[in-house]
Amino acid sequence: MPRQFPKITLSEVDEETRLLAEKVYASALKEEDTKDALSMFTVPEDCPIGLHQAKERELLKELAEQHSEESAKRKKSFKMIRSQSASLQVLQIPVTAEWARSVVTPFLSPSSTCSSLPENCPEYQRVTISGDYCAGITVEDYEQAAKTLMKALFIREKYSRLAYHRFPRTVAQFLRSAENQTWKEEDEVLPDVCPCPREGEDPYSIENIPDNLSYELQTKDGIVYVYENAEALSQNRPRSLPYPDLETFAIDLSHVLAMIVDGPTKTYCHRRLNFLGSKFYLHEMLNEMAELKELKGVPHRDFYNVRKVDTHIHAAACMSQKHLLNFIQTTYKTEADRVVLEKGGRKLTLREVFEHLNMDPYDLTVDSLDVHAGRQTFHRFDKFNSKYNPVGASELREIYLKTDNLIDGEYFARIIKEVSHDLEESKYQHAEPRLSIYGRSADEWDSLSKWFIQHKVHSTNMQWIIQVPRIYDIFKSKKLITNFAKMLENIFLPLFEATVNPQKHKELHVFLKYVTGFDSVDDESKHSDHMFSYKSPKPEQWTADENPPYSYYLFHMYANIMVLNNLRKERGLSTFQFRPHCGEAGSITHLVSAFLTADNIAHGLNLKKSPVLQYLYYLAQVPIAMSPLSNNSLFLEYSKNPLREFLHKGLCLKSAPEALMEEYAIAAQLWKLSTCDVCEIARNSVLQSGLSHQEKKHFIGANYLKDGPEGNDIRRTNVAQIRMAYRHETLCNELSFLVDAVKTEAAIGLINTY
């Protein structure tokens, strides 16, 4: 079956929804324009709970509901569905004396594959709430919230599947249940990652490269289209690949934007999030010792020898301050007379560079090197970026931290190889450093791949992410590009050419085997006057000096990655994940855009400001790579970071620090995280990293694709089976509420029909 992008027209969209979404976006822009930068986390959460008037309105609604015949029918129907769930649950679980004493097993959806507890599910004390319905709001509001949340999950599933991003099995099973369909394992869509070369295999080999094809490529509306041949191109008949359009994306985005300000949905999500936090507190109180007992029974495994992946690290910052200082002093001692820089038409040796800077490398200290972010960088992204310049000198950054310079990036490669050697020595730590492609020239990819192969930078403990800075405005002001479409073409067209004609781009073909994803980076707090919508100009028409807004960048990056992944999948090549920086600052609309387009995100701090988005990220188990140490230097004090709160509620968190073990140690001490907590974060980092399927099976268990205790190998992850069972059952319980509400509405519709 051909994979196509289902398009929506404006005539199919509720006008009220579209207008509400535009108001949300406009208000977000206005807020960004007027608010004090330091006030971001000093306001209460955006929800009606706790306000006296809101409580009165809820009370009046409940009183009116008691006298409503329609509400009575809905309650009756809901009770029937929940009781059927309970009955099936009892029938499917062998009744033992132990189980009879523990009748608090959560009610799960009868039509879901999660409806019965697996045989290897551990015994532990469960917490649940029983009754006619557990929403805490009126039936009408509950059903409205459930319907909108389910719609958002369906939208994310569509975008994830089309781009070969991972979508959780449990969520997919419940969505099929809501459609009265059966989930099949063969229908699951997963990323394809090249396995690590075997021992003795040359990772830079250019043998067995696929043949070239006669395909033609053309960029249209900022998206690369693929044609079978020149004739198909002339007739405008592209290959059967999913080509997204801006209008459909804007419409899908408007549905989620309208949802995050819907009163009943905000109330429901806020209460469920509070319940999840409280439930985990009770779970921890009741089962902490049992979890610890499980972990103590696992031989040769503790936090220090479980696999951990640093999923958020920039290659130019992957070394420590002391490491960089020692490397600079060593190169000066041994290679002072080497020509390393060209400036003003004159070539300079390393000695001459330091003489020009009026400094002696032997007098340098970690303090004078000044590459560590501190109090001076708080809410100053410009100063934060300047920390990449050792001693504040751009010349040293050019020499030591660039891949494309007079010495072909040799020093940078040597530093990275030393870091990778340390990772290989530690065995259990992996990293995914980010290298930059800017989009100012189409030659950047060839230069980067040549650097990778020439200096043999590959490591078994490293995978690579390509970060694309959102700096179109800088290139436009320097007249390096004419429009935004040219920037997109410079970034993505070489990748399509290397996929279609790998024999012509052998070095890039080899390099792409070790690239697992793309990132979109820059200061999110930068204000944009443009309101993203279906009316936004096409990339060819974006000739203004102003930078496009965040959502505009995300859509066009996602669109090209999606088409590229489908093309590469056809050729049996690896696919890429989209993993943008998102939610660190700026508008809440950034997180809405990423909910649709991203496989996982970095930061996610602003989720604290929207209960609806936070609950959606929980339900869809969108991985979030949080960096408390980095945020502490830039946007949010460490003690105010919501990592612990998000972890306890059950959001899929990964640690993505600037110093992996340091970040884990500080978090564990400050927030009193247990061994099971930090091992759970470590497992998540492996699960959502760019490691191959074979590596993940080896590192966290052969059945890692399954959810819950079935997918956890405690001998490898050191995560208690009790914890995995709790997480899985809690998620199933939350999803079952939504599915049952949708079925209740359908049942009422059937009753009214007759």
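Residues numbered from 1 in each chain as written. Predicted model: local features only at pLDDT ≥ 70, side-chain atom pairs only at ≥ 80, totals over all residues. Heavy atoms only, no water.

Under an unreviewed UniProt entry, the chain has the name AMP deaminase and belongs to Salmo trutta.

A. Seen up close, the sheet that holds strand 7 (residues 464-469). Spatial strand order, 3-6-7-8-9: 5 strands in an open sheet with parallel pairing. For this open sheet the edge positions go to strand 3 (308-314) and strand 9 (577-578), each flanked by a neighbour on one side alone. Pairing of strand 6 (residues 429-436) with strand 7, which is carried by 3 bridges, proceeds in the parallel orientation. Its bridge partner being in strand 7, Leu435 is matched across the sheet by Ile466. Lying on the sheet, helix 16 (residues 444-454) is in contact with strand 6, strand 7 and strand 8 (515-521); it crosses strand 7 at an angle near 150°. (Pairing = 2+ DSSP bridges. Helix = DSSP H or I, 4+ residues; strand = E, 2+ residues; numbered from the N terminus. Contact = heavy atoms within 4.5 Å. Axes fitted to C-alpha atoms, helices over the stretch in contact; angles between N-to-C directions.)

B. Examining the side chain of Thr730 more closely. Position of Thr730 among the secondary structure elements: in helix 29 (residues 721-753). For Thr730, the contacting residues outside a window of four places in its chain are Leu276, Lys279 and Tyr618.

C. Quick look at the environment of Ile251. By the secondary structure assignment, Ile251 is in helix 8 (residues 246-259). The class for Ile251 is buried, based on a relative accessible area of 3%. Considered as a pair, Ile251 and Thr9 are 242 residues apart in the sequence and their alpha carbons are 8.2 Å apart. (Buried < 20%, exposed > 50% of the residue type's maximum accessible area, 1.4 Å probe, protein only.)

D. Geometry of the confidence of the model for the chain. On average, residues of the chain carry a pLDDT of 81, and 77% of them reach 70 or more. Note that pLDDT drops below 50 for residues 372-388; the model gives that stretch 40 contacts with residues more than four away or on any other chain. (pLDDT = per-residue confidence, 0-100.)

E. Spatial organisation of unusual backbone geometry. A positive phi is found at Asn358, a non-glycine position, where the angle reads about 60°. For Asn358, the position within the fold is in the loop between helix 11 (350-356) and helix 12 (366-369). Using a relative accessible area of 71% as the deciding quantity, one classes Asn358 as exposed. Backbone geometry at Gln621 places phi at a positive 50°, although glycine is not the residue there. Looking at where Gln621 falls in the secondary structure, it is placed in the loop between helix 22 (611-619) and strand 12 (624-626).

F. Local environment of the pairing of strand 5 (residues 346-349). Strand direction decides the pairing type here: strand 4 (residues 339-343) and strand 5, joined by 4 bridges, are antiparallel. Pairing of Leu341 across the sheet is with Leu348, part of strand 5. Linking two consecutive strands that pair antiparallel, namely strand 4 and strand 5, is a turn of 2 residues; a positive phi of about 60° is found at Gly344 within it.

G. Broad picture of the packing of aromatic side chains. Counted by the stated rule, this structure contains 30 aromatic pairs. Seen from their ring centres, Phe327 and Tyr411 are 5.9 Å apart, and the 80° between their planes marks the pair as edge-to-face. You can see Phe327 sitting in helix 10 (residues 321-335) and its partner Tyr411 sitting in helix 15 (residues 410-426), a full 84 residues away along the chain. In this pair, the class of Phe327 matches that of Tyr411, namely buried. Seen from their ring centres, Phe595 and Tyr617 are 5.7 Å apart, and the 45° between their planes marks the pair as tilted. Highlighted residues: Phe595 in helix 21 (residues 589-597) and Tyr617 in helix 22, separated in sequence by 22 residues. Lying across the ring of Phe595, Arg156 places its NZ or CZ 5.7 Å from the centre. (Phe/Tyr/Trp six-rings, centres within 6.5 Å; stacked < 30°, edge-to-face > 60°. Lys NZ or Arg CZ within 6 Å of the ring centre and 35° of its normal.)

H. Representation of the nonpolar core in the model. Judged by nonpolar contacts, the single largest core of 175 residues is most densely connected at Tyr400, Trp464 and Tyr617. In terms of residue count, the dominant contributor to this core is helix 20 (residues 550-570) (13 residues). In contact with Trp464, other than residues within four places in its own chain, are Ala315, Ile416, Pro433, Leu435, Phe452, Val457, Tyr514, Val515, Thr516 and Gly517. Val686, Leu687, Phe699 and Tyr704 belong to the second-largest nonpolar core, a separate cluster that totals 8 residues. (Core = buried A, V, L, I, M, F, W, Y, C linked by side-chain atoms within 4.5 Å.)

I. Molecular detail of the packing of helix 18 (residues 484-500) against helix 20. The geometry of helix 18 relative to helix 20 is characterised by a closest axis approach of 10 Å and an angle of 15° between their N-to-C directions. The orientation of helix 18 relative to helix 20 falls into the category roughly parallel. Remark: the crossing between helix 18 and helix 20 carries right-handed chirality. In contact with Phe484, Met487, Leu488, Phe492, Leu495, Phe496, Thr499 and Val500 of helix 18, helix 20 contributes Tyr552, Tyr553, His556, Met557, Asn560, Ile561, Val563, Leu564, Leu567 and Arg568. Looking at side-chain class alone, the contact of helix 18 with helix 20 contains 14 nonpolar, 3 polar and 1 charged residues. (Parallel < 35°, antiparallel > 145°, perpendicular 65-115°, else oblique. Left-handed = near helix turned anticlockwise from the far one by under 90°. Nonpolar A, V, L, I, M, F, W, Y, C, P; charged D, E, K, R; others polar.)

J. Main features of the pattern of salt bridges. Tallied over the full model, the rule gives 31 salt bridges. For Arg126, the salt bridge goes to Glu729, with nearest N and O atoms at 2.7 Å. Placement of Arg126 in the loop between helix 4 (97-101) and helix 5 (139-162) and of Glu729 in helix 29 is noted, with a sequence separation of 603 residues between them. Relative accessible area serves as the criterion here: at 9%, Arg126 is assigned to the buried category. Glu410 is paired through a salt bridge with Arg414; the nearest N and O atoms lie 3.3 Å apart. Pair noted here: Glu410 and Arg414 are both in helix 15, with a separation of 4 residues, about one helical turn. Looking at Arg414, the relative accessible area reads 28%, which means it is partly exposed. One continuous salt-bridge network, built from bridges that share partners, spans Glu291, Asp677, Glu680, Arg723 and Arg727. (Salt bridge = Lys/Arg side-chain N within 4 Å of Asp/Glu carboxyl O.)

K. Summary view of helix 6 (residues 169-178). Among the 10 residues in helix 6, 9 count as buried, and that is most of the element. Along helix 6, the residues that are buried comprise Arg169, Thr170, Val171, Ala172, Gln173, Phe174, Leu175, Arg176 and Ser177. Backbone geometry just downstream of helix 6 places Asn180 in the positive-phi region, at approximately 60°.

L. Fine view of the environment of Lys427. Assignment of secondary structure puts Lys427 in the loop between helix 15 and strand 6. Setting aside residues no more than four positions away along its own chain, Lys427 makes contact with Arg307 and Asn461.

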